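Residue-level structural notes
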Amino acid sequence: MVNLSSFLIAGLALQAQAIVFNVSVGRNGLSFEPNEIRAAKDDIIEFRFWPKNHSVVAGRFNEPCVPAQAGGFYSGFFPTPADTINPQVFRVRINNSDPIVFYCSQNNGQHCKNGMYGIINPTQNGVTTLSGYGALARQAGNATSPAGGPFGGQIAANPNTSVPPSSSTTSSAAASSSTSSRTGSVTAVTTPSPTRGTSTSAGGNTTATANTAPNMGAPFVGLAVAGAAALFLV
Ligand SMILES: [Cu+2]
């Protein structure tokens, strides 16, 4: 008699273990959390959008807040009312281990230069690092949104739209850094969808994910960021 469950487990074990990294966009001020991610080929970065009107764009290293010259990705804008989380997410599949920087292109408050950027697979050369990109971004002007609509990823239903009551009132410094790596507290999944596009059925996201963003708390408040946020609340 065939032991079906053993058979299934053996089959799953043969698949590459892709990981989904959840990135909170604007959950605590003008920031991506985590903003430094170490991912492998076929891993998924899932951007979850919190209030205001954010986007995520793959950038280029030496020209901050400007889209990548080739390839890359762009989510479009995800307007999200206060005290909610957007019902849709933007998912990007990682194709290789090359460094990728990303930023928010919202200029109502100049989100990119004020801290809304991050990096996937930084290197140690001081250029393709979070701090290296940040040093350039702080001197940037307005950010650039790619022409046209979203590309390079998949818009999907948000698997978790529950909002802790206090989440939208927490502020923290945008300059804070949080890192996720493949060895961190993330959930391995075996069902990354290889398809691109936007044909996602409602509730059809069966990929098990864990919120990889560490609970950073709010040890201090970024006064500059809070001030900017107060001026540019949408
Ligand atoms: Cu933003």
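The preceding data block contains the structure.
Notes on the structure in this doc start here. Remember, it's a predicted structure, so these values are computed and weren't measured experimentally.

Further remarks concern the coordination of the copper ion. Coordination sphere of the copper ion, protein contribution only: H54 (ND1), C104 (SG), H111 (ND1) and M116 (SD), at 2.0 to 2.5 Å. Around the copper ion sit 4 donor atoms; with metal-centred angles ranging over 90 to 130°, the donor geometry is tetrahedral.

In this structure the tally under the stated criterion is 6 salt bridges. Between D42 and K41 there is a salt bridge, with its nearest N and O atoms 3.7 Å apart. Of the residues examined, K41 reaches a relative accessible area of 53% and is grouped as exposed. Between E46 and R48 there is a salt bridge, and its shortest N-O distance comes to 2.8 Å. In this pair, the class of E46 matches that of R48, namely buried. Residues joined by salt bridges that share partners form a network here, namely K41, D42 and R93.

Let's shift gears to the nonpolar core. Of all hydrophobic cores here, the largest spans 23 residues; its most connected members are F32, I45, F47 and F90. Of all the secondary-structure elements, those providing two or more residues to this core are β1 (18–25), β4 (44–49) and β8 (88–93). If you tally residues by element for this core, the top one is β1, at 4 residues. Those residues in contact with I45 that lie beyond four places of it in its chain are F21, V23, I37, A39, F90, R91, V92, I94 and I120. Core analysis: the second largest hydrophobic core is formed by 14 residues, C65, Y74, A140 and A143 among them.

The next thing to look at is the packing of aromatic side chains. Under the definition given, this model contains 8 aromatic pairs. Ring geometry for Y74 against F151: centres 6.4 Å apart, planes inclined by 55°, an arrangement best described as tilted. Of the two residues, Y74 is situated in the loop between β6 (57–58) and β7 (78–80) and F151 in the loop between α2 (130–137) and β11 (154–157); the sequence distance between them amounts to 77 residues. We classify F151 as partly exposed; its relative accessible area is 31%. Judged by centre distance (5.8 Å) and plane angle (65°), the ring pair of Y117 and Y133 falls under edge-to-face. In this pair, Y117 is assigned in strand β10 (residues 117–120) and Y133 in helix α2, connecting sequence segments 16 residues apart. Neither residue differs from the other here; Y117 and Y133 are each classed as buried. Following the ring pairs from residue to residue traces out a cluster consisting of F32, F47, F73, F90 and F102.

We now examine unusual backbone geometry. E33 connects to P34 through a cis peptide bond whose omega is -5°. Among the secondary structure elements, P34 is positioned in the loop between β2 (32–33) and β3 (36–37). Of note, D42 is a non-glycine position whose phi angle comes to about 80°, a positive value. With respect to the element layout, D42 can be found in the loop between β3 and β4. For D42, a relative accessible area of 28% corresponds to the partly exposed category. Within the chain, K52 stands out as a residue other than glycine whose phi angle is a positive 90°. Here K52 is to be found in strand β5 (residues 52–54). Overall, the relative accessible area of 15% leaves K52 in the buried class.

What follows is about the sheet that holds β6. Pairing within the open sheet is mixed, and its 5 strands lie in the order β6-β9-β10-β3-β12. Sheet topology places β6 and β12 (179–180) at the edges, where each strand pairs with a single neighbour. Relative to strand β9 (residues 100–103), β6 is paired through 2 bridges, and the arrangement is antiparallel. Its bridge partner being in β9, A58 is matched across the sheet by F102. Relative to the sheet, α2 contacts β3, β9 and β10, its axis offset from that of β10 by approximately 150°.

Cut-offs used in this document
Residues numbered from 1 in each chain as written. Predicted model: local features only at pLDDT ≥ 70, side-chain atom pairs only at ≥ 80, totals over all residues. Heavy atoms only, no water. Donors = N, O, S within 2.8 Å, 3.2 Å for Na, K, Ca; no water. Tetrahedral: all angles 85-135°; square planar, octahedral: opposite > 155°, others 65-115°. Salt bridge = Lys/Arg side-chain N within 4 Å of Asp/Glu carboxyl O. Buried < 20%, exposed > 50% of the residue type's maximum accessible area, 1.4 Å probe, protein only. Core = buried A, V, L, I, M, F, W, Y, C linked by side-chain atoms within 4.5 Å. Helix = DSSP H or I, 4+ residues; strand = E, 2+ residues; numbered from the N terminus. Contact = heavy atoms within 4.5 Å. Phe/Tyr/Trp six-rings, centres within 6.5 Å; stacked < 30°, edge-to-face > 60°. Pairing = 2+ DSSP bridges. Axes fitted to C-alpha atoms, helices over the stretch in contact; angles between N-to-C directions.

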